[in-house]
Structures are given as structure tokens and as C-alpha cells.
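Examination of the molecular architecture
The residues making up each chain are set out below.
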Amino acid sequence: MRKKIVVGNWKMNKTYNEGIEFVDEIIKESLSHSTDDVLKIIATPYIHLAAIANKLEHLNGFEVAAQNCHHNPKGAYTGEISAAMIESTGAKYVIIGHSERRLYSGENNNLLAQKVNIALANNLTPIFCIGENLIERNANMHLEAIKIQLKEALFHLPSKDFIKLILAYEPVWAIGTGVTATIHQAQGMHNYIRSEINKKYGKEISTAISILYGGSCNTKNAKELFDCIDVDGGLIGGSSLIGSEYLAIVNSIKK
Ligand code: PEP
């Protein structure tokens, strides 16, 4: 059975103390709910990684992730963070390819392929984001857009590495907009992604890989999205910033 996963992406939110308070709250809350069958990953700013990795170390089903890493191993890249540095904090996951990094930092598929390689080489699991923009969706080019992202950023990987990935389908027009994909759109795209993976890597891998939905997912719409057969959980931005909301989304996954 595929792993159910809910990633909370804080983006550039929460001071150090606010982040620690959030984690203390969800640790307390989650002790009274049984959510062990859902992997819960909190993607924090770099400043929180080590402290939160330490707090979550002995707590079943919780992990911490970085939101980005540099594509080079080390060197004169002022202000950047390497995959090895992230791994040294105790974090085991890293988001790569988020549309905000593609948009504001000009990250393209070629660069993202290098980030995936270096993350894997440092024992980090990439949570890799793919998604079409509104122009592509309106022009009925959304399937083609996703196909290109998969091919250019991920399909160079051998099977033994590809299977380690977590994928997140995040239509760019749904991120932070309050407009969510319909269950028909989400299920349709997740099924398409799985079929492209099947063509490249075969059935065993395409049925084993977790594909999350992201884009204005919240406590009201999470359940119907997560109930779709090919949706294995969510990547949650805005609605992951309040502990009780994040856990309510986790709890809406069908057991
Ligand atoms: C995200 O940051 O990946 C995201 C999906 O954001 P939001 O839930 O706010 O749309």
C-alpha cells in the first residue's frame, strides 16, 4: 500500500520561537489522535530544522523537511544551503521544484534535476513539485506541461532512485489563490502522472510512488481530494500554519 503523507509548507513564515511553539502544540495534540499511519512532514525555514528534527526524533510519523537546497555540494555561494548541511541537521526530506522557486528564483527543470541528484546523493528524499500554470491549463496544454517537467527534471533517474521520490502535483493557479482543483481535475492529473511513470519505469514503481495534491487545500476540501484513488495526501501551504488546522487535514485522510 502507498504511503499516505501530509506535508506542511511554512514558506517564509514563523520566527524561531513561533516555529518551536507550533511543534510543541502539534506534538501535544497528536498524542490524543492516532495518526501514525500518515507520514507528517513539516517543511520549515532553515533556522528551525535542527531544533525541530531534534524534537521530532522520537515521535512516530513526524519528520522535518527543508524547502530548498543548492545544486552544488559546497563553495562560494553566499546565502545558500547545501544538501549535506540539511542532512546534518537531522532533516531527511527536501522540497524541490516548488512553483514559487521556479517563478521568483528562475529555477528551471535542468537546475532542478541537479538539485534532485544532490539531494539523493546526501540521503535526502526529494518532495518534487510539478504543476501547470493557468495559461497552460486554459490552452489545454496541462498534460504536455507535466510530461515535460517529469521528463526534464526526473526521468534521468534510474529506477532505484526514482522510487525514493515523493511527488506533489501542484497546479500553479491553485497555489495560495483559494481556487482548488476539482476532484475530477486532481484525480485526472494524478492518474496521468502515474501513467507516464508506468511508461518509463513500469507498473510496480508507478503504483508504489506517493503523489500528493497541493493548491489551496484546506480543512473543508481535504477529505474529498484525499479520497481520490490516485491522491496519496497533500502538500499544504497556508492551511498548515495553524497546528489544529494542519492536524485536522491530516485526520481527514481515509484510514
Ligand atoms: C504550497 O505552498 O505548496 C501550497 C500548496 O500552498 P497553499 O496551500 O497555500 O495553496
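One numbering rule holds for all chains: residues counted from 1, following each sequence as written. Side-chain atom pairs in this predicted model are given and counted only at pLDDT of 80 or more, local residue features only at pLDDT of at least 70, and totals for whole chains, interfaces and linings cover all residues. Side-chain measures were taken over the full set of non-hydrogen atoms in the model, leaving aside hydrogen atoms and water.

Next up on the list: empty space enclosed by the protein. Over the atoms rolls a probe the size of a water molecule, and in doing so it shows where empty space is left. Each cavity reported here is a set of points on a 1 Å grid over the protein atoms alone in which a 1.4 Å probe fits but cannot get out, each pocket an open set with protein on both sides within 12 Å along at least five of seven lines, and each lining residue one with an atom within 4 Å of a point. Grid points are joined across faces, edges and corners, and a volume is the space filled by probe spheres set on the points. Summed over all chains, the structure comprises one cavity of 30 Å³ or more. Of the voids in this model, the largest cavity is the one considered here, and its volume is about 40 Å³. Lining the largest cavity, in full, are Gly97, Ser99, Arg102, Cys129, Ile130, Gly131, Glu170, Val172 and Ile175. Only α4 (99–104) and β5 (125–130) provide two or more residues apiece to the lining of the largest cavity. For the lining of the largest cavity, the residue count by class is four nonpolar, three polar and two charged. Secondary structure counts use DSSP, requiring at least four H or I residues in a row for a helix and at least two E residues in a row for a strand, with both numbered from the N terminus. When residues are grouped by polarity, Ala, Val, Leu, Ile, Met, Phe, Trp, Tyr, Cys and Pro land in nonpolar, Asp, Glu, Lys and Arg in charged, and all others, Gly among them, in polar.

Before going further, it helps to examine the site of the ligand. We call a residue near a molecule or strand as soon as one heavy atom of that residue lies within 4 Å of the molecule or strand. Around the ligand sit 14 residues in total, of which Lys11, His98, Glu170, Gly176 and Ser216 are the nearest. Each polar contact in these results corresponds to two N or O atoms within 3.5 Å; when the atoms are within protein, one needs to be able to donate a hydrogen and the other to accept it, and residues that are neighboring in sequence are counted only if both atoms are side-chain atoms. His98 is positioned such that a nitrogen or oxygen atom in its side chain is 2.8 Å from an oxygen atom of the ligand. Here the accessible surface of atoms and residues is derived via Shrake-Rupley with a 1.4 Å probe, and residues count as covered only by protein chains that are part of the display. Summarising the interface, the protein chains cover 95% of the accessible area of the ligand, which totals 290 Å² for the free molecule. Residues that form the shell around the ligand fall into these classes: four nonpolar, eight polar and two charged.

Our focus in this paragraph is helix α5 (residues 109–121). With 13 residues, α5 ought to run about 18 Å at 1.5 Å a step, and its terminal C-alpha atoms sit 18 Å apart, in line with that. Residues of α5 that are buried: Asn109, Leu111, Leu112, Ala113, Lys115, Val116, Ile118, Ala119 and Leu120. Just downstream of α5, Asn123 is the residue with a positive phi angle, here 60 degrees. In a helix, the anticipated span is given by 1.5 Å times the number of residues less one. Residue burial is assigned from relative accessible area. The probe radius is 1.4 Å, only protein chains are included, and a residue is buried under 20% of its type maximum, exposed over 50%, and partly exposed in between.

Once that is clear, we can look at the state of the cysteines. Disulfide assignment relies on a single distance test, namely cysteine sulfur atoms paired within 2.5 Å. Tallied over the full model, the rule gives zero disulfides. Note on Cys69: no disulfide assigned, nearest cysteine sulfur contributed by Cys129 at a separation of 12 Å. The exposure class assigned to Cys69 is buried, which follows from its relative accessible area of 0%. For the unlinked cysteine Cys217, the closest cysteine sulfur is that of Cys228, found at 11 Å.

Ranked by size, the top nonpolar core spans 66 residues in total, and within it Leu154, Phe162, Leu167, Ile193 and Phe226 carry the most contacts. Any two residues whose heavy atoms approach within 4.5 Å at even a single point are treated as in contact. Once you skip the residues sitting within four places of it in the chain, Leu154 turns out to touch Val116, Phe128, Gln149, Phe162, Leu165, Leu167 and Tyr201. Formed by 14 residues, the second largest nonpolar core is a distinct cluster that contains Ile5, Tyr93, Ile95 and Ile127. For this analysis, a nonpolar core means a set of buried residues of the types Ala, Val, Leu, Ile, Met, Phe, Trp, Tyr and Cys, connected via side-chain atoms within 4.5 Å.

Turning next to the sheet that holds strand β3 (residues 62–66). As a general point, the strands of a sheet are linked pairwise by backbone hydrogen bonds and lie either parallel or antiparallel. Two strands form a pair only when DSSP identifies at least two bridges running between them. Reading around the barrel, the eight strands line up as β1-β2-β3-β4-β5-β6-β7-β8 and close back on themselves, with parallel pairing between neighbours. Each strand of the sheet is rotated relative to its neighbour by a mean of 25 degrees, with strand direction disregarded. Looking at chain direction, strand β1 (residues 4–9) and strand β2 (residues 38–43) are connected through six bridges and run parallel. Within β2, the position partnered with Val6 by the bridge is Lys40. Helix-sheet contacts for helix α7 (residues 142–153) involve β5 and β6 (166–169), and the interaxial angle to β5 is about 150 degrees. Note on method: axes are straight lines fitted to C-alpha atoms, helices fitted across the in-contact stretch only, with angles between N-to-C directions ranging 0 to 180 degrees.

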